[in-house]
Amino acid sequence: MALTDSQSSTFPEIVELNVGGQVYVTRLETLTAVPNSLLWTKFTQSSPAALPKDSKGRFFFDRDGFLFRYILDYLRDSELSLPEFFKERRRLQKEADFFQLPELSRRLATVSKDSSYTEDSGEPEEAELCSPVTSSSSDRTLRSPGATSGYITIGYRGSYTIGRDIQADAKFRRVARITVCSKISLAKEVFGETLNESRDPDRPPDKYTSRYYLKYNFLEQAFDRLAEAGFHMVACNSTGTCSYGSNDPGEDKLWTSYTEYIFSR
């Protein structure tokens, strides 16, 4: 049953969304631009209280937060405009299907079909059919012997505290975020879907970045993937600082460190 005008107006004109951990702020009229789409249904046929929210009150959707930016672009302009080196068309098509945007899904299907063949030979384009983002670990292992050479630097900031009774009070390494610095194509080959590209999206594969980071906080997991891809550690370095939790020298010591591991293939 449709809501009355007074009920539907309880949605704010400016709406904050949390999509897979990525925050978006947009207008209500943008979200409801396509009749009968999922977002149109959620924001015209429901009340704010009926929609799930995160801890800060933003409407939450458990979908791909990076790809949602293209969903919003389409809702704003009714046009499909993708970067030149965009390799996520099939995944974006799945998002379009989820948000019930059939015209966008149709356009993406057409683009994917056209781009799966090279202009010169008519053969399937390997980069599109076997994207490094979705390749399995066994695929990476098979490709490693003849794969492109290069360097990948893994960095992390960690912290731990040591109390007055070192044996009892030591709180060991806490890794806040694992960063990846390398050529775009190498990073995607090795880490695939575990790579968070939100801080440096849409970069061509032949460029370099220092802004990617991993979706997990276990260094050993990153090392395993590098080893599977044929990389070997060639150097590492670390710096650290020590401070007290307060001005009292008797308080626990807080150690903070930054470490980099350099891998080569």
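Residues numbered from 1 in each chain as written. Predicted model: local features only at pLDDT ≥ 70, side-chain atom pairs only at ≥ 80, totals over all residues. Heavy atoms only, no water.

**What to know about the nonpolar core**
No. 1: Formed by 28 residues in total, the largest nonpolar core has its most connected members in Leu 17, Leu 39, Phe 43, Phe 61 and Phe 68.
No. 2: Mapped by element, the contributors of at least two residues to this core are strand E1 (14-19), helix H2 (28-31), helix H3 (38-44), strand E3 (59-61), helix H4 (68-77), helix H5 (89-98) and helix H6 (102-115).
No. 3: Broken down by element, this core gets its largest block of residues, six residues, from H4.
No. 4: Excluding residues within four positions of it along the chain, Leu 39 makes contact with Leu 31, Thr 32, Phe 61, Phe 68, Leu 75 and Phe 99.
No. 5: Core analysis: the next-biggest nonpolar cluster, separate from the first, contains 21 residues, Val 180, Ala 187, Val 190 and Ala 222 among them. (Core = buried A, V, L, I, M, F, W, Y, C linked by side-chain atoms within 4.5 Å. Buried < 20%, exposed > 50% of the residue type's maximum accessible area, 1.4 Å probe, protein only. Helix = DSSP H or I, 4+ residues; strand = E, 2+ residues; numbered from the N terminus. Contact = heavy atoms within 4.5 Å.)

**Observations regarding the environment of Ser 81**
No. 1: Looking at the secondary structure, you find Ser 81 in the loop between H4 and H5.
No. 2: Expressed as a C-alpha distance, the spacing of Ser 81 and Tyr 70, which sit eleven residues apart in the sequence, is 8.0 Å.

**Side note on the sheet that holds E3**
No. 1: The sheet built from three strands is open, its strands ordered E2-E1-E3 with mixed pairing. Edge positions in the sheet fall to strand E2 (22-27) and E3, since each of these pairs with one other strand and no more. Neighbour-to-neighbour, the strand axes of this sheet turn through a mean angle of 30°, independent of strand direction.
No. 2: With six bridges connecting them, E1 and E2 associate as antiparallel partners. Considered in E2, the bridge of Ile 14 is made with Arg 27.
No. 3: Sheet strands in contact with H4 are E1 and E2, and its direction is about 5° off that of E2. (Pairing = 2+ DSSP bridges. Axes fitted to C-alpha atoms, helices over the stretch in contact; angles between N-to-C directions.)

**Quick notes on unusual backbone geometry**
No. 1: Unusually for a residue other than glycine, Asn 36 sits at a positive phi of about 70°.
No. 2: With respect to the secondary-structure elements, Asn 36 resides in the loop between H2 and H3.
No. 3: Judged by relative accessible area, Asn 36 falls into the exposed class, the value being 57%.
No. 4: For Ser 78, which is not glycine, the phi dihedral falls at a positive 60°.

**Overview of the confidence of the model for the chain**
No. 1: Residues with a pLDDT of 70 or more make up 73% of the chain, whose mean pLDDT is 79.
No. 2: The low-confidence segment residues 1-8, where pLDDT is below 50, has six contacts with residues more than four positions distant or belonging to other chains.
No. 3: Within the model, pLDDT remains below 50 along residues 117-146, and this stretch shows 43 contacts once partners closer than five positions in the same chain are excluded. (pLDDT = per-residue confidence, 0-100.)

**Some words on helix H11 (residues 219-228)**
No. 1: By the burial criterion, the buried members of H11 are Leu 219, Ala 222, Arg 225 and Leu 226. What you see down the axis of H11 is that its buried residues fit within an arc of 125°, all on one side.
No. 2: Following H11 by one or two positions, Gly 230 has its phi on the positive side, about 90°. (Arc of directions from axis to C-beta.)

**Looking at the environment of Glu 228**
No. 1: Residue placement: Glu 228 occurs in helix H11.
No. 2: The partly exposed category is assigned to Glu 228, whose relative accessible area is 30%.
No. 3: Separated by 38 residues in the primary sequence, Glu 228 and Val 190 place their C-alpha atoms 8.3 Å from one another.

**A few points about helix H10 (residues 184-191)**
Given 3.6 residues per turn, any residue in an α-helix points the same way as the ones three and four places further on.
No. 1: For H10, a buried count of seven out of eight residues is recorded, marking the element as mostly surrounded by other parts of the structure.
No. 2: Ile 184, Leu 186, Ala 187, Lys 188, Glu 189, Val 190 and Phe 191 are the residues of H10 that are buried.
No. 3: Following H10 by one or two positions, Gly 192 adopts a phi angle in the positive range, close to 50°.

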